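Structure at a glance
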Amino acid sequence: MVSCKQKPLYEGPLSPEESIKTFQFAENFKAEIFASEPLVIDPVSMQFDGDGNAYVVGMLDAYKDDSVKGKGKIVMLKDTNGDGKADTSTVFVDSLREATSVLPWKGGLLVCAAPDIVYYKDTDGDGRSDLKEILFTGFFNKNEEVQITNLRFGMDNWIYVNNGGQAGEISFSRRPDAPRLNVQGADFRFRLDRNEFERSTGPGQFGLAIDDWGHRFFTANSLHIREVVVPLRYLERNPYLPASAKSTIQNISDHDPLMHQLSETPYWRQVRTDRRNMNFQENNLDRVEYARGHFTGASGGTYYDGDKFPKEYYGNIFTGDVAGSLVHRDILSVVDSLPYMVAKRGEKEKDKEFMATTDSWFRPANFSVGPNGYLYIMDMYRQHIETPMSIPEDLQETMDFDAGSEFGRIYRIVPKDIGPYKPVKPNLTKASSSDLVKALQRENRWWNLTAQRLLLERQDRSVLPEIRALFAQSENPRLRLHALYVLEGMDALDAVTVMTAMKDPSAGVRENAAILAERFPSCLSQLAEMINDPSIRVAFQATLSLGQFNDNTAVTALSKALELHGQSPWFRTAVLSSETGSGIDLLKILESNSFFKYASSWKIKFIESCSNVIGARNDKSQILGLISIVDKLSLTNSNSWQLAGIKGLLEGMGNSESLENSIKEELKTIGSEAESNSAKAIQDLKKMFAE
């Protein structure tokens, strides 16, 4: 009698050497092992310091209950013999709870470990931190998949962090008198050189990419690439914006939600999906869930800005999907009519991914670009990567969530024809400030950002003449922009320099110059001219930045921006985001410019939104001014203007916290009659507010 052994529900692990053989690339690339267990375990983030040392966050307590939390650690990896493989691992700090991200700063490390952002430093040279300072605290810490992560030093000298939109009241130890900051619905950014911190546009999850010009892209499970279109600081300057005008982000993928997976579908996922689909059918819901081939675990979106890949790969964003065991590549394309990018697949990746594997334990959680210009992949290497709270209890019983907790791999991705590995030793922490200016000019952006950060930390103003020369003479617009922000970081920026940048041949430089122009009133007239810029992104940023000013020049320019670009809801939001662009003065200019001569759907939407803001602001003079304009519009051929103005005004006033309930009830009565008799509704409003 022959006995048949039942196939296990889940595959077993492979060694690093076995696993790497299963990697399949769409083009001429290969993977090399940089580090693996026991040197590194459960890696989720890696950054190189100014001397090229790799600091890796190991999230060893992922998906553990509270009784065994606090097992995370950060190790420093070194390649002492220059063969391209790490051969030493020193524990920099351990006993961390859910650490997710690391960033070098002032000879130490900033670390995200919810509920805190902490600064650690080794002060005695033994390789282990002996100084700890909790900088920020109060972040959400109840779910590993949605909490603070992805520390990124931005070209604008701010440090950005994804917060997943989670609730939290954040305090800053260096400013104990500052009010706590509510970060619900937002991400977070801060500057330690100026002790500033604020909400930023989100919610991003595990993955944050910042391009050469400061545009942010983030990852969130099934939405693998979204872009920040409107920075949150602009929306928050106008607390009266209606909900329809509060969009800040855009899904920029033209190929969501599909991915091309090679690994097998896990047993638990197939069973859970079958159950859910059956439930949808039984309840007659028009909904389908997919067990594979769709992004569900997108993670670690990273901007490739190195110098070792073919030139067409510069500026691509690489994102892992930990559920699909693959690495996806997005090519960012500029569209003349849109104030954001469009993410496309490569020509040879229409039916495959940049890299995929049949090894279902491969979990590409994050990426990093090193001083050598190569792309590194952090592979947690686990049998199961999902949080148990999302899996039915009976299926959890078939799973070992600790399987793989002793593993971890970091791979270096290189072109196949690159030749033997050549070690790179930056030694920037001990370089002179003048040498840091030279490092600003390297092709690999790791050197640019690291040099900029070190110059920011040092505040050595003796190199300002060299920085100004770099800004004036460099033929590379990216380097001119780095020079501009080094000047900003040293408080050496002036209006003349900004106005020069506002006329730069590069749209990316002009866009950032518009942001910097907000600090200098003497730049306003030139900023107003930028709404005519041939680059839609420059015109859009100029529209946002004009809202920082409150005089006739800004109002006139915003009215012009609306006439030029008002068909775009993004531009309408940009105009409305400021008090200048959402008040009666703007409407009077539009009236004098024959804006109301012809009605169109976008104009009607704008008037309704603007009226909403005026109503919510509850300023009597503004309300009377609006009613007067709406009354005049009764002379046009369409009553759409009146209805839009009345509807927006009443909705805004209905949301006003300073308006008495009795008045709100009276307004409801007026609103109900507006559809049938808008003229009477206008007269009733006049009477109400004239009293």
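A brief structural summary. Small disclaimer: the values here were computed from a predicted structure and weren't measured.

Reading the values: rules and limits
Residues numbered from 1 in each chain as written. Predicted model: local features only at pLDDT ≥ 70, side-chain atom pairs only at ≥ 80, totals over all residues. Heavy atoms only, no water. 1 Å grid on protein atoms, 1.4 Å probe; cavity = no way out; pocket = protein on both sides within 12 Å on 5 of 7 lines; lining within 4 Å. Points joined across faces, edges and corners; volume = space filled by probe spheres on them. Helix = DSSP H or I, 4+ residues; strand = E, 2+ residues; numbered from the N terminus. Nonpolar A, V, L, I, M, F, W, Y, C, P; charged D, E, K, R; others polar. Core = buried A, V, L, I, M, F, W, Y, C linked by side-chain atoms within 4.5 Å. Buried < 20%, exposed > 50% of the residue type's maximum accessible area, 1.4 Å probe, protein only. Contact = heavy atoms within 4.5 Å. Pairing = 2+ DSSP bridges. Salt bridge = Lys/Arg side-chain N within 4 Å of Asp/Glu carboxyl O. Arc of directions from axis to C-beta.

**Structural notes on empty space enclosed by the protein**
According to the stated counting rule, one finds 5 cavities of 30 Å³ or more in the structure shown. Of the volumes computed, that of the largest cavity is approximately 430 Å³. Around the largest cavity, the lining is made up of 21 residues, and of these Gln 47, Arg 152, Asp 305, Trp 446 and Leu 449 lie nearest the centre. Of all the secondary structure elements, the ones that give two or more residues to the lining of the largest cavity are β3 (43-48), β7 (99-105), β11 (149-153), β17 (208-210), β21 (298-303), β26 (364-369) and α6 (445-458). The biggest single contributor to the lining of the largest cavity is α6, with 5 residues. The class makeup of the residues in the lining of the largest cavity is 13 nonpolar, 4 polar and 4 charged. Empty space within the second largest cavity amounts to approximately 50 Å³.

**What about the nonpolar core?**
Ranked by internal contacts, the top residues of the largest apolar core, which has 150 residues, are Leu 110, Phe 136, Phe 188, Phe 190, Ile 410, Leu 587 and Phe 606. Not counting the four nearest positions on each side in its chain, Phe 190 is found in contact with Leu 110, Ile 117, Phe 136, Leu 151, Trp 158, Ile 159, Val 161, Glu 196 and Phe 197. Counting 21 residues, the second-largest nonpolar core is a separate cluster that includes Val 57, Ile 74, Val 93 and Ile 385.

**Some remarks on helix α12 (residues 536-546)**
In terms of residue burial, α12 counts as a mostly covered element, since 11 of its 11 residues are buried. All buried positions along α12 are accounted for by Ile 536, Arg 537, Val 538, Ala 539, Phe 540, Gln 541, Ala 542, Thr 543, Leu 544, Ser 545 and Leu 546.

**A closer look at the pairing of strand β24 (residues 341-344)**
Two strands pair when backbone bridges link them, and strand β23 (residues 326-334) and β24 are joined in this way by 4 bridges, in the antiparallel orientation. Across the sheet, residue Ser 333 finds its bridge partner in β24, namely Val 342. Following β23, the chain reverses through 6 residues before pairing antiparallel with β24.

**Some points on the pattern of salt bridges**
Taken as a whole and assessed by the stated rule, the structure comprises 36 salt bridges. Across the pair Glu 37 and Arg 409 runs a salt bridge, and its minimum N-O distance is 2.9 Å. Remark: Arg 409 occurs in strand β28 (residues 409-415) and Glu 37 occurs in the loop between β2 (29-36) and β3; sequence separation between them is 372 residues. With respect to burial, Glu 37 and Arg 409 carry one shared label: buried. The partner of Glu 488 in a salt bridge is Arg 194, with the nearest N and O atoms 3.0 Å apart. You can see Glu 488 sitting in helix α8 (residues 477-489) and its partner Arg 194 sitting in the loop between β15 (187-191) and β16 (196-200), a full 294 residues away along the chain. A relative accessible area of 1% means that Glu 488 is categorised as buried. Here the residues in one salt-bridge network are Arg 191, Asp 193, Arg 194, Glu 488, Asp 491 and Arg 519, joined through shared partners.

**Focus on unusual backbone geometry**
For the peptide bond that leads from Ala 114 to Pro 115, omega is 15 degrees, which places it in the cis range. Structurally, Pro 115 is set in the loop between β8 (108-113) and β9 (116-121). Geometrically, the link from Asp 256 to Pro 257 is a cis peptide bond, its omega value of 0 degrees lying close to zero. Tracing the backbone shows Pro 257 in the loop between β20 (249-251) and α3 (267-282). The phi dihedral of Glu 98 falls on the positive side, at around 50 degrees, and the residue is not glycine. Looking at the element boundaries, Glu 98 is found in the loop between β6 (88-96) and β7.

**Here we look at helix α7 (residues 464-473)**
Of the positions making up α7, those classed as buried are Leu 464, Ile 467, Leu 470 and Phe 471. Each buried residue of α7 sits inside an arc of 120 degrees when the element is viewed along its axis, so together they form one side. Along α7, exposed side chains directed more than 90 degrees from the buried face belong to Pro 465, Ala 472 and Gln 473. Its buried side turned inward, α7 meets α5 (433-439), α6, α8 and α9 (495-501).

**Overview of the environment of Pro 179**
Among the secondary structure elements, Pro 179 is positioned in the loop between β13 (169-172) and β14 (181-182). Along the chain, Pro 179 and Glu 169 lie 10 residues apart, while their C-alpha atoms are 9.2 Å from each other.

Function cannot be inferred from these measures alone, as they are strictly geometric.
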